[in-house]
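Read off the chains here:
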Amino acid sequence: MSKPYTEVIGDPIAHSKSPLIHGFWLEALGIEGAYRRAHVKPENLESFIADRRADPDWRGCNVTIPHKLAVMDLVDDPGDIRGTIGAMNTIVRQKDGSLIGTNTDAAGFYAPLAELDLEGAAVAVVGAGGAARAVLFALARAGVGHVTILNRSPLKAMGLLATFGLKGDVVALDTALPPVSLLVNSSSLGMAGQPPLDFDLSPLPEDAIVYDLVYAPLQTALLKAAEARGLDTVDGLDMLIGQAALAFELFFGRSPPEGRDDDLRALLTA
Ligand code: NAP
């Protein structure tokens, strides 16, 4: 008997942690299904999606670099993704073979902050790439106040403020931090092989939260500095697991098992 499957597609793809996360949940819930990884080069993307669309066992896929833009043209219903986050990370196959596309990064980012009241709060965001788009989309929805974007390329960051209808300013990466309630690193700085983010965190108030999207390494220099100052922190695995949880529900119609996040985090950091 055939069994349902999903996968993550990208080029390269070997580094993806998605098969570990979804595989852990499938096993924990005893679901007869699989989550694979598929190395898909850009020139093969269109035919790959066409083949998969014809396979009734395929529930859909997660999408990673460099396909997050191109897949928007290959699904039947991209929702409002193009005019908002501008990148798609999840495709879901309907029973009739039609494909719906969405992005679970923004909700995955926001999940650890959901209990906070960010209405009118001043925030700072480092970076203006794909992850920053999901972050700014979520923060705009949460009704934040003044947004300071710190980025190497100022024009790109200014465009994002306008895209998401946010009030704020764009400053260079070596500018002193403003006294914000939430500082988010959505840049590649701090990732293994990249320079660390070296901020003086003293302007932040005592109840500020520092959120780093980087998950390799998990304990970045930024988070270490925040902890040394006694600030609350959120690391990149929270978002990684959060965005995967939403995709899992769309693929398999079940929520991930409750109370297993510590085991999953141990697996992902082993
Ligand atoms: P991206 O689209 O390539 O954007 C990278 C950003 O980092 C850009 O703003 C870029 O600045 C900046 N940057 C890169 N190298 C830099 C350098 N040497 N000096 C100064 N700025 C630099 O990448 P992305 O997809 O947004 O991903 C960014 C980070 O978020 C990565 O670490 C990724 O792993 C992480 N992420 C985590 C999750 C999660 O679930 N936890 C999800 C998505 C992404 P310019 O604008 O000037 O080019």
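Residues numbered from 1 in each chain as written. Predicted model: local features only at pLDDT ≥ 70, side-chain atom pairs only at ≥ 80, totals over all residues. Heavy atoms only, no water.

What is the right way to read the overall build of the protein from this model?
When its secondary structure is counted, the protein shows eight helices and eleven strands. Computed over its C-alpha atoms, the radius of gyration of the protein comes to 19 Å, within 12% of the 18 Å expected for a compact globule of 270 residues. Overall, the C-alpha framework of the protein stretches about 60 × 40 × 35 Å when taken along its three principal axes. Every one of the 270 residues in the protein was classed for burial, and the buried ones make up 50%. (Helix = DSSP H or I, 4+ residues; strand = E, 2+ residues; numbered from the N terminus. Rg over C-alpha atoms; globule rule 2.2 N^0.38 Å. Buried < 20%, exposed > 50% of the residue type's maximum accessible area, 1.4 Å probe, protein only.)

Help me understand helix H8 (residues 261-269) in this model?
Among all positions of H8, only Leu264, Arg265 and Leu268 are buried. In a view along the axis of H8, the buried residues occupy a sector of 100 degrees, so they form one face of it. Where H8 is buried, its residues touch helix H1 (18-29) and helix H7 (236-252). (Arc of directions from axis to C-beta. Contact = heavy atoms within 4.5 Å.)

Just to check I follow, could you spell out the pattern of salt bridges for this structure?
As a working rule, side chains carrying opposite charge can pair if their charged atoms are close by. Enumeration according to the criterion identifies seven salt bridges in this entry. Here Asp235 ties to Arg265 by a salt bridge, and the two come within 2.4 Å at their closest N and O atoms. With Asp235 in the loop between strand E11 (232-234) and H7 and Arg265 in helix H8, this residue pair connects regions lying 30 residues apart in the sequence. A salt bridge links Arg260 to Asp263, with the nearest nitrogen and oxygen atoms 2.9 Å apart. Owing to a relative accessible area of 29%, Arg260 belongs among the partly exposed residues under this scheme. The class for Asp263 is partly exposed, based on a relative accessible area of 39%. (Salt bridge = Lys/Arg side-chain N within 4 Å of Asp/Glu carboxyl O.)

Help me understand the site of the ligand in this model?
Neighbouring residues of the ligand: 22 residues in total, closest Ala128, Ala131, Ser153, Lys156 and Gly236. Between the ligand and Asn151 there is a distance of 2.9 Å, counted from an oxygen atom to a side-chain nitrogen or oxygen. One of the backbone nitrogen or oxygen atoms of Leu240 is found 3.2 Å away from an oxygen atom of the ligand. Compared with its free state, where it exposes 920 Å², the ligand has 78% of that area covered by protein. Only helix H4 (130-141) and H7 provide two or more residues apiece to the shell around the ligand. (Near = heavy atom within 4 Å. Polar contact = N/O pair within 3.5 Å; in protein donor to acceptor, adjacent residues only side chain to side chain. Areas by Shrake-Rupley, 256 points an atom, 1.4 Å probe, with all protein chains shown as cover.)

So what exactly am I meant to see when it comes to the sheet that holds strand E6 (residues 123-126) here?
Two orientations exist for strands paired in a sheet by backbone hydrogen bonds: parallel and antiparallel. One open sheet holds the six strands; their spatial order is E8-E7-E6-E9-E10-E11, and the pairing between them is parallel. Of all strands in the sheet, those with a lone pairing partner are strand E8 (168-171) and E11, marking the two edges. Direction aside, the axes of adjacent strands within the sheet are offset by 15 degrees on average. In this sheet, strand E10 (residues 209-212) lies alongside strand E9 (residues 182-185) in parallel orientation, the contact comprising four bridges. (Pairing = 2+ DSSP bridges. Axes fitted to C-alpha atoms, helices over the stretch in contact; angles between N-to-C directions.)

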